[in-house]
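Read off the chains here:
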Amino acid sequence: MSKKFKNSSGFDIKANYGPQGAEAPGEFPYTRGTRADMYRGRHWTMRQYAGFSTAEESNKRYHYLLNQGTTGLSVAFDLPTQIGYDSDHEFSEGEVGKVGVAIDSIKDMETLFGGIQLQDITTSMTINATASSLLAMYVAIAKQQNADLSKISGTIQNDILKEYAARGTYIYPAKPSMKIITDIFEWCSNELPRWNTISISGYHIREAGSTAAQELAFTLANGKAYVQAALSKGLDINVFGKRLSFFFNAHNDFFEEIAKFRAARRMWAKMMKELGATEPKAQMLRFHTQTGGSTLTAQQPQNNIARVTLQAMSAVLGGTQSLHTNGFDEALSLPTQTAAGIALRTQQIIACESGAANTVDPLAGSYYVEELTNKLEEEAFSIIDTIDDMGGSVEAIESQWMQNEIAKSSYSAQKAIESQESIIVGMNKFQTNEKSEMNLLKVDDSIRTIQMDKIHALKSERDSESVQAALLNLSETAKNGTNVMPTIITAVENKATLGEVADTLRDVFGEYSGV
């Protein structure tokens, strides 16, 4: 017997409200949600993005979050890991463990997931240029645990186009980067069928200053480029299309954000159908949401709890599949355990106490929300048409057009804040002179020495001939155009470092200059 849903007055709550014949949740084009029952069947995955310092310290935070009820892990990597440098590289100085966890080799990955069975959780990894290496290490750990790879689930961000456009953690030029991405699509389709091979990200585009309509347009245009690249490789859209996921920002304009999420689903369904997808799951847009980091203020940081709550609620009312809520102290430092705990409790309160999860798309039919949904779709498709006229996202990025459009929007938003046309409570209005005493999380520079010692120990104990043979094989594979994933897995299993794998590919592909 299905569960009965009632409100506090005892009234029965139906799964779906609307006139006869209206679009139903779980049906094309999925404006109202990807499942007919949405959160009545199960809540969204509650992830907390975490990673700092060493693998040992991050592992402690993961166990804390799992014990507190988080239902999926989300890994933050430090900057050297993101751009393919080991901790002992000269470019890594001052950055090791600072904005995420330092992962130099499979040994660090073993420690990171110590005591955690990968078959029993889903893991999201925010990694792009080195996504193939981090996924290879994750797979190697799963194999050590004797996990069934067909049951391993999670997501790698793996979205290099938005790195060129908005974020900057790229390594290789666009064409070889796209080749690596489609190699991952192909390998996972055969070997890791439940893994989401890309999280096409609007989050960082919005953080860089775009509008909501631009976030929609640039993200979906990038998604289209990935699909076209996969089709050119001969992959089946009805297979790889099911493993595409998206990653959006939740900003402060509550109703616009809800409308944005609804419009995104509808737009992507139409785009995938035009590109040849016939199976419903290949047409559905499934997405993770993170509350807006750029909206957090260092002034009166406790106000950020209210901001995060509203943003999280917009994601839930917009039908997200998973959600990360920021810590209130993240404008000042990486989140403390206290702040991370409050952020998780915010999601749990929305799920269990607000009633927002008791019916599907509760704002459907709102004149305002429906009009916003239509207008965002119209504006975003207009931008996508402009990108298509240029030849697609790669050309729009290489010509700097996309970057310039984001910069213009960012400049306009900043001018509005400085003129007080846009009010930021506690920052440009309602200020106080009170000093807020807070315990902040600080990562010491000594972390680099710890990581360097680990690297030196690894290199002294490994079989150097096996490592060199694996890296040579990787180089040949990259040159002859075959799939690089099997050779990367072999390399990391033989204890090649992340930097060594990246350098091997740098030697073949070169580096993107950004101009």
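Anything mentioned here points back to the structure above.
Here the structure is a predicted model, which is why all the values come from computation and not from measurement. (Residues numbered from 1 in each chain as written. Predicted model: local features only at pLDDT ≥ 70, side-chain atom pairs only at ≥ 80, totals over all residues. Heavy atoms only, no water.)

Chemist: How would you explain the overall build of the chain if you had to name every residue and give the values?
Modeler: Regarding its fold elements, the chain presents 20 helices and nine strands. Whereas a compact globule of 515 residues would reach a radius of gyration of roughly 24 Å, the chain reaches 23 Å, a difference of no more than 12%. Each principal axis of the C-alpha distribution contributes one length, and for the chain these read about 70 × 60 × 55 Å. Looking at the chain as a whole, 55% of its 515 residues are labelled buried. By sequence separation, contacts in the chain at least 24 residues apart represent 78% of the contacts at least 6 residues apart. Of the roughly 21300 Å² of accessible surface on the chain, a fraction of 49% belongs to carbon and sulfur atoms. Computed over 48 positive and 61 negative side-chain charges, the separation of the two mean positions in the chain equals 7 Å. (Helix = DSSP H or I, 4+ residues; strand = E, 2+ residues; numbered from the N terminus. Rg over C-alpha atoms; globule rule 2.2 N^0.38 Å. Buried < 20%, exposed > 50% of the residue type's maximum accessible area, 1.4 Å probe, protein only. Contact = heavy atoms within 4.5 Å. Areas by Shrake-Rupley, 256 points an atom, 1.4 Å probe, with all protein chains shown as cover. Lys, Arg positive; Asp, Glu negative; His and termini not counted. Charge placed at Lys NZ, Arg CZ, Asp CG, Glu CD.)

Chemist: With reference to specific residues and values, describe a nonpolar patch on the surface.
Modeler: Where nonpolar side chains cluster on the molecular surface, the patch consists of I423, V425 and F430 and spans about 270 Å² of accessible area. Summarising the element assignment, F430 is placed in the loop between α16 (401-418) and α17 (446-461). Overall, F430 belongs to the exposed group, its relative accessible area being 52%. (Patch = residues over 30% accessible without salt bridge, like charges linked within 9 Å, V, L, I, M, F, W, Y side chains within 5 Å. Salt bridge = Lys/Arg side-chain N within 4 Å of Asp/Glu carboxyl O.)

Chemist: Now, about empty space enclosed by the protein: what can you tell me, with residues and values included?
Modeler: Within this structure, the stated rule accounts for five cavities of 30 Å³ or more. Taken as a whole, the largest cavity spans an internal volume of roughly 80 Å³. Taken together, 14 residues form the lining of the largest cavity, with Y39, V316, L317, G319 and D361 sitting closest to its centre. (1 Å grid on protein atoms, 1.4 Å probe; cavity = no way out; pocket = protein on both sides within 12 Å on 5 of 7 lines; lining within 4 Å. Points joined across faces, edges and corners; volume = space filled by probe spheres on them.)

All we've got here are geometric facts, nothing functional implied.
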